[in-house]
Amino acid sequence: MPKRYTPNDAWSQRAAKEGYRARSVYKLIELNERERLLRPGMTVLDCGAAPGSWLQFTAQQIGPKGLAIGIDRTPIEPIADNVRTIEADITDVDAVQSTLTTLEIDRVDLVLSDLAPNTSGVHDVDQWRSIELSQAVIAIAEQFLRPGGACVIKVLRGEDFDAFYRELKATWKDVKTARVEATRDRSTEVYVILRGKIRAA
Ligand SMILES: C[S@@+](CC[C@H](N)C(=O)[O-])C[C@H]1O[C@@H](n2cnc3c(N)ncnc32)[C@H](O)[C@@H]1O
């Protein structure tokens, strides 16, 4: 029988103890240790940012000279002076792009996405929705990511993943995947790390 999620698992307990809003923070912490993503002074765009644990950690790492912008369709409680949040649906790419432009954000150093679709219970459907969300993030990254910047996207593996991955390989110089410890055992999620955009898909 698959393991049931319990909000009292060790990661959740640790997050509560350390003042983070979600257990997902340990995924970003591990990715950051492995990939050296976050540095002081960076501008970071976090897609699917609610309730805000990635923003909390990012705000600490980028410091007062950095800026983190979190987007989610769910409101995010205020975090810190160097964090702004936008309530929007990421698949409305034009609206997100024009909101960022209105906020005078023209370049970011790093794009993060921990977006997760509402689960339907049918894995193929959820996996396809996860790829649609990822494609929206990539469209936003294409406009705002500075040359040399990195993009980290959570994707569910499944039938459509290989074609999606091939497309990424053809359009980015450096493409790799990472599975992190805080991911639940039965989850098919994987983080795709992209660097060096070659051309639009
Ligand atoms: C796993 S949670 C992110 C947790 C976050 N990284 C943190 O550390 O607090 C996934 C988020 O994706 C958001 N999401 C899913 N689909 C979305 C969409 N189409 N547009 C914007 N946000 C979306 C959900 O509202 C949810 O907050």
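Asker: So what's going on with the site of the ligand? Which residues, and what values?
Answerer: Neighbouring the ligand are 20 residues, the closest being Gly52, Ser53, Asp72, Asp89 and Asp114. A distance of 2.9 Å is found between a nitrogen atom of the ligand and a backbone nitrogen or oxygen belonging to Ile90. Contact with the protein chains removes 87% of the 600 Å² of surface that the ligand exposes when unbound. Most atoms of the ligand, that is more than half of them, are within 2 Å of grid points of the largest pocket. Among the residues making up the shell around the ligand, the classes are represented as 10 nonpolar, 5 polar and 5 charged.

Asker: How would you explain the packing of helix 2 (residues 25-35) against helix 3 (residues 53-62) if you had to name every residue and give the values?
Answerer: For the pair helix 2 and helix 3, the least separation of the axes is 8 Å and the interaxial angle reads 40 degrees. Here helix 2 lies oblique to helix 3, going by the angle between them. The way helix 2 lies across helix 3 gives a crossing that is right-handed. From helix 2, Val25, Lys27, Leu28, Ile29, Leu31 and Asn32 reach across to helix 3, where they touch Ser53, Trp54, Phe57, Thr58 and Gln61. Of the residues belonging to the contact of helix 2 with helix 3, the class tally is 6 nonpolar, 4 polar and 1 charged.

Each value, and the rule that gives it
- Residues numbered from 1 in each chain as written.
- Predicted model: local features only at pLDDT ≥ 70, side-chain atom pairs only at ≥ 80, totals over all residues.
- Heavy atoms only, no water.
- Near = heavy atom within 4 Å.
- Polar contact = N/O pair within 3.5 Å; in protein donor to acceptor, adjacent residues only side chain to side chain.
- Areas by Shrake-Rupley, 256 points an atom, 1.4 Å probe, with all protein chains shown as cover.
- 1 Å grid on protein atoms, 1.4 Å probe; cavity = no way out; pocket = protein on both sides within 12 Å on 5 of 7 lines; lining within 4 Å.
- Sits in = over half its atoms within 2 Å of the grid points.
- Nonpolar A, V, L, I, M, F, W, Y, C, P; charged D, E, K, R; others polar.
- Axes fitted to C-alpha atoms, helices over the stretch in contact; angles between N-to-C directions.
- Helix = DSSP H or I, 4+ residues; strand = E, 2+ residues; numbered from the N terminus.
- Parallel < 35°, antiparallel > 145°, perpendicular 65-115°, else oblique.
- Left-handed = near helix turned anticlockwise from the far one by under 90°.
- Contact = heavy atoms within 4.5 Å.

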